[in-house]
Amino acid sequence: MPGLLRGVARTAVVAGTATAVSNRVSRRQAGRWAQQEAAQQPVYEQPAPPPAPAPAVSMESKLDQLKDLATLKEQGVLTEEEFAAQKARILNG
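Reading the values: rules and limits
- Per-chain numbering applies: the sequence of each chain, read as written, is numbered from 1 onward.
- Local features in a predicted model are, by the rule used here, given only for residues with pLDDT of at least 70; side-chain atom pairs are given and counted only at 80 or more, and totals for whole chains, interfaces and linings are based on all residues.
- Note: side-chain values were computed over all heavy atoms of the structure, leaving out hydrogens and water.
- Per the convention used, a helix needs a DSSP run of H or I reaching at least four residues, while a strand needs a run of E reaching at least two, with both numbered from the N terminus.
- For the radius of gyration, the atom set is restricted to C-alpha positions; the globular benchmark scales as 2.2 Å times the number of residues to the power 0.38.
- When accessible area is computed with a 1.4 Å probe and restricted to protein chains, residues below 20% of their type maximum are described as buried, those above 50% as exposed, and intermediate ones as partly exposed.
- Counted as positive: Lys and Arg. Counted as negative: Asp and Glu, with His and the chain ends omitted from the count.
- In plain terms, the charge of a residue is placed at NZ if it is Lys, CZ if Arg, CG if Asp and CD if Glu.
- Side-chain rings of Phe, Tyr and Trp (the six-membered ring for Trp) are treated as a pair once their centres are within 6.5 Å; stacked means planes under 30 degrees apart, edge-to-face means over 60, and tilted covers the remaining angles.
- Lysine NZ or arginine CZ positioned within 6 Å of the ring centre and within 35 degrees of the ring normal marks a charge as sitting over the ring.
- Lines are fitted to the C-alpha atoms to define the axes, a helix being fitted only along its stretch in contact, and any angle between axes, read from their N-to-C directions, falls within 0 to 180 degrees.
- By definition in this entry, angles of less than 35 degrees are roughly parallel, angles greater than 145 are roughly antiparallel, angles of 65 to 115 are roughly perpendicular, and the rest are oblique.
- Here, two residues are considered to be in contact whenever any of their heavy atoms come within 4.5 Å of each other.

Asker: Looking at this model, I keep getting lost on the overall build of the protein. Mind explaining?
Answerer: From N to C terminus, the protein includes three helices and zero strands. Start at the N end of the protein and walk to the C end: the helices and strands fall as α-α-α. Computed over the C-alpha atoms, the radius of gyration of the protein is 41 Å, more than 25% above the 12 Å expected from 2.2 N^0.38 for a compact globule of 93 residues. With the C-alpha coordinates aligned to their principal axes, the bounding extent of the protein is approximately 125 × 20 × 20 Å. Evaluated residue by residue, the protein yields a buried proportion of 5% over its 93 residues. For the protein, the separation between the mean place of its 11 positive charges and that of its 9 negative charges on side chains is 39 Å.

Below you can see the structure in the form of structure tokens.
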């Protein structure tokens, strides 16, 4: 019976060692694959920041533009339709 027990113990030690080595090899290989995948993934550039908003036109500037339009209309340079379109553009912009 002691020979049988010794054989079982030896088998257990060999199997445990084989399992430990196998697990270590698997972890190391998984680490290498992870490094390779990380190196192969594309690097994305950060998107450009959005353009700065246009500076707000002051009310004084709008009034000056409207006065110039009125002068051009009085001189006959602009028609009523052209005047209305430009006036709307200035007021909405």
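Asker: Honestly, the packing of aromatic side chains in this entry has me stumped. Any pointers?
Answerer: Under the definition given, this model contains zero aromatic pairs. The positively charged end of K73 is found above the aromatic ring belonging to F83, 5.0 Å away from the centroid.

Asker: Help me out: how do you make sense of the packing of helix α2 (residues 59-74) against helix α3 (residues 80-92) in this one?
Answerer: When two helices pack together, their arrangement is given by the angle between the helix axes and the distance between those axes. Between α2 and α3, the shortest axis-to-axis distance is 10 Å and the interhelical angle comes to 175 degrees. Between α2 and α3, the interaxial angle falls into the category roughly antiparallel. Of the residues in α3, those in contact with K62, Q65, L66, L69, A70 and K73 of α2 are E80, F83, Q86, K87, I90 and L91.

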